[in-house]
Amino acid sequence: MRRLTRTVAAATIATALALVSACSSSDDADGDNVGSSLEQVTYLTSFGNFGRDSYAWVAKEKGYFKDAGFDVEIKPGQGTGAVIQTIVGGQAHFGPIDLTGGLLQLGNGDAKDFVAVAAIQQRTMAAIATVDGTGITTPKDLEGKTLADTPGSVVRNLFPTYARMAGIDYTKVKWVNGEAQTLMGTLASGSVDGIGQFVVGQPTIETVTKKKAVLLPYSNVMQDLYGNVLITSKQYASEKPEQVKRFTEAVLKGLEYALEHPDEAAEILAKNAEAVVPAAAAAELQLMAGYVRSSNSGTALGTLDSGRVAKSIAILRGAGALKSDLTPDQIIDFNLAPKA
């Protein structure tokens, strides 16, 4: 009788363990729980490795990605166009692009099958950057000058629209190709008069060139434009919406920490990327803080407002920069984006 009792008990325990294991496996398979295995994901920075993109390295270093269920490889991006192509092509899963640049790509038939899921900056940081001694202090001074940028950069692709709204002839400005990580060195060499850059690049420009930076922000003439937004492919967003939400939350957690601890974030970036000057990277983050939140977004990070995006589309349409009309939900998945 005792042997029979022990046998029944053992069978009962074994059955219970099997049921627990099956339930756990089922939960992991449907993606609702993170589980013990990590999904391999590739993330692209927006433009090289600068302080403005350090929040991704912070999210990795602090374990935010791991806690969300991801093993993330971070690679340097080469501007909006290249980031979109790489993600849609399946070589990366997530990355930030300038939303206005994305609208131009989508509205002019140069790209498709990507979707924005969160805002990184609530205002565009696009600008033309130069230094003292080039004779450039106003947009009109750009006529007859030579500028450098990557072919897919939003600064370069948005320039004709900026030029029209600033009252200059963009055909009188020459553009040459450059690489994200070497643009500032090109400016320092004097081989070009200016470069496409974000306004937060000012400290790094001054560190590299040893001269005072002069910036012509696009936001001076183009209001209501968002800055960078986090994108993924439409396919990934459709197939794995819960993973998108978890990844977005981890990115925004890294962003918030980086803005609150710019010096630490800069050191984390310098540990993981070459040729980073921590002081300049920290200064970039401090400048970027004013672009990450707005009166519309309140204290929440990552929110996107359909009305503001519609205004951006109207600005581009009014300037003749879009071949076809767009609606905000053609480029943004508001079901996945953080709520204000």
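Residues take numbers from 1 onward in each chain, read along the sequence in its written order. Residues qualify for local features only when their pLDDT is at least 70, as the model is predicted, and side-chain atom pairs are given and counted only at 80 or more; totals for whole chains, interfaces and linings, by contrast, use all residues. Only hydrogens and water are set aside when side-chain values are computed; all heavy atoms of the structure are taken into account.

By the naming in an unreviewed UniProt entry, the protein chain is ABC transporter substrate-binding protein, taken from Micromonospora lutea.

(A) Focus on the packing of helix α5 (residues 99-107) against helix α13 (residues 306-318). With axes taken as lines fitted to C-alpha atoms, and helix axes fitted only over the stretch in contact, angles between N-to-C directions fall between 0 and 180 degrees. The helix and strand labels rest on DSSP assignments: H or I over at least four residues marks a helix, E over at least two residues marks a strand, and numbering proceeds from the N terminus. For the pair α5 and α13, interaxial distance at closest approach is 11 Å and the crossing angle is 60°. One finds that α5 runs oblique with respect to α13. The hand of the α5/α13 crossing is right-handed. Facing α5, whose interface residues are Leu99, Thr100, Leu103 and Leu104, α13 presents Val309, Ser312, Ile313 and Leu316. Each residue gets one label: Ala, Val, Leu, Ile, Met, Phe, Trp, Tyr, Cys and Pro are nonpolar, Asp, Glu, Lys and Arg are charged, and the others, such as Gly, are polar. The residue makeup of the contact of α5 with α13, split by class, is 6 nonpolar, 2 polar and no charged. The scheme is simple: roughly parallel for angles under 35 degrees, roughly antiparallel for over 145, roughly perpendicular for 65 to 115, oblique for anything else. By definition, turning the near helix anticlockwise from the far helix through less than a right angle yields a left-handed crossing, and turning it clockwise yields a right-handed one. Here, residues are in contact when the closest pair of their heavy atoms is within 4.5 Å.

(B) Up close: the pattern of salt bridges. What makes a salt bridge here is a side-chain nitrogen of Lys or Arg within 4 Å of a carboxyl oxygen of Asp or Glu, nothing more. Summed over all chains, the structure comprises 8 salt bridges. Note that Glu143 and Lys140 form a salt bridge whose closest N and O atoms lie 3.2 Å from each other. The salt bridge partner of Asp325 is Arg317, with a shortest N-O separation of 3.9 Å. Relative accessible area decides the class of each residue, using a 1.4 Å probe on protein chains only: under 20% of the type maximum gives buried, over 50% gives exposed, and in between gives partly exposed. Since its relative accessible area comes to 37%, Arg317 is described here as partly exposed.

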